[in-house]
Amino acid sequence: MQGTVAQVVSLVTYGNQYLSNGGDSLVSDFYPSNSTFKFCKMVSFIDLVQDKKKCVPIPYSNDPITWFSHLAKEKYKTLRISYFKSGRTDVPDRMLAGFVGGGGKWLIEAIGPQGSDFWEANWIVGNKDDPDKKVWLVAYRRVAASESTRSFSALDPAALKATLKRNLGAILGFCRKNKIEAFPKFFETALLSLDSDSPLDGVGYPGIVPKHALSLDARQLLGAAQAAWVFGGMGSWNDLGFTGEEKTIYDGLSEELYLLIINAILYATNTSNNRAPQSAVKSPWKFW
């Protein structure tokens, strides 16, 4: 899983724990020690205020824990992860997922008294020679405020797991047929995660969600999503090339896997707020 996505998952799940139960002690070891911040020098939150024809950035919180605190004081009830397709027709989102800011938008929806606010991360490189390899400066910007909070049909975890198992089995068969050796281990690990009692052990980001925050189904789907995320740049699953019928099969299985992974992440993350999880949708908003 891309670090940009993993960090959003982590912020939503730990944030929901904070908002539901209150108290810094529940997330005291979250920032900056959580694995999703490993390469980040700074993670801040900025409010974007429309002033005439331009948008003015105003500091909101200097770190995630302070952000949680501010949201609680302003009576925000819950956080939700949202995914919006890019809408591009020239290249699939999965082909851009390995680039910062590519592959569609992953936003944090904060639901409060006035409706829903949306926060979007902006990752920029700071000191490339940082001795601790903390090269990223991340700023979450409130790109929309007081939008109507929409309800979504709940995803069925059993059906999602069954479809993901079928897809992964088909991809493994495709790999065997075409003698692809570098990727089966990821798909096999994903399949094991879907039936594991400890699906988050040994895959992806340690501590990506709080202990006991998610159901077993949710943890299994999140573990499988991390293991099966093979979409990146050079040398990734996206870099493979086929022609004819094999290309058609490869494209179809890849597109389905990407959408299944998105929905697995949405389901798993959004069960942390005890609300109906959402499915992948296009953005109805014009963001600043």
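Here the structure is a predicted model, which is why all the values come from computation and not from measurement. (Residues numbered from 1 in each chain as written. Predicted model: local features only at pLDDT ≥ 70, side-chain atom pairs only at ≥ 80, totals over all residues. Heavy atoms only, no water.)

Asker: Run through unusual backbone geometry, naming residues and quoting values.
Answerer: Following Tyr 31, the chain continues to Pro 32 via a peptide bond in cis, the omega torsion being 5°. Within the secondary structure, Pro 32 sits in the loop between helix H1 (3-21) and strand E1 (40-51). Positive phi outside glycine occurs at Ser 146, with the angle close to 55°. Inspection of the secondary structure puts Ser 146 in strand E6 (residues 136-147). Located in the positive-phi region is Lys 179, a residue other than glycine, with phi close to 55°. Counting through the fold element by element, Lys 179 comes out in the loop between helix H4 (157-177) and helix H5 (184-193). (Helix = DSSP H or I, 4+ residues; strand = E, 2+ residues; numbered from the N terminus.)

Asker: Tell me about the pairing of strand E4 (residues 105-112), residues and numbers included.
Answerer: Counted residue by residue, E4 has seven buried out of eight residues, so it is predominantly covered. As judged from the seven bridges shared by strand E3 (residues 78-85) and E4, these two strands associate in the antiparallel manner. When the sheet's bridge partners are listed, Tyr 83 is paired in E4 with Trp 106. For E4 and strand E5 (residues 115-125), the ladder comprises six bridges, and the chain directions are antiparallel. Its bridge partner lying in E5, Glu 109 is registered against Phe 118. (Buried < 20%, exposed > 50% of the residue type's maximum accessible area, 1.4 Å probe, protein only. Pairing = 2+ DSSP bridges.)

Asker: Can you break down the nonpolar core residue by residue, with the values?
Answerer: The biggest cluster of nonpolar side chains holds 75 residues, and the ones touching the most others in it are Phe 187, Trp 237 and Ile 265. Setting aside anything within four residues of it in sequence, one finds Trp 237 in contact with Ile 171, Phe 174, Cys 175, Ile 180, Phe 183, Phe 187, Val 230, Phe 231, Tyr 250 and Ser 254. (Core = buried A, V, L, I, M, F, W, Y, C linked by side-chain atoms within 4.5 Å. Contact = heavy atoms within 4.5 Å.)

Asker: Any details on the packing of aromatic side chains? Residues and values, ideally.
Answerer: A complete count under the given rule lists 24 aromatic pairs for this structure. On the numbers, 5.3 Å between centres and 90° between planes, the contact of Phe 187 with Trp 237 is edge-to-face. With a gap of 50 residues between them, Phe 187 in helix H5 and Trp 237 in the loop between helix H6 (216-228) and helix H7 (244-270) connect regions that are remote in the sequence. Trp 237 gets classed as buried once you look at its relative accessible area, which sits at 1%. Measuring from ring centre to ring centre gives 5.0 Å for Phe 242 and Tyr 250, while their planes differ by 50°; the resulting arrangement is tilted. When its relative accessible area of 18% is taken as the criterion, Phe 242 is described as buried. Positioned above the aromatic ring of Tyr 60, the side-chain terminus of Arg 142 is 4.9 Å from the ring centre. (Phe/Tyr/Trp six-rings, centres within 6.5 Å; stacked < 30°, edge-to-face > 60°. Lys NZ or Arg CZ within 6 Å of the ring centre and 35° of its normal.)

Asker: Break down the pattern of salt bridges for me, citing the residues and quoting the values.
Answerer: One pass over the full model with this rule turns up 13 salt bridges. The closest approach of N and O atoms between Arg 94 and Asp 251, which form a salt bridge, is 3.1 Å. Highlighted residues: Arg 94 in helix H3 (residues 93-96) and Asp 251 in helix H7, separated in sequence by 157 residues. Its relative accessible area of 2% is what places Arg 94 among the buried residues. (Salt bridge = Lys/Arg side-chain N within 4 Å of Asp/Glu carboxyl O.)

By themselves, these observations are geometric and do not establish any function.
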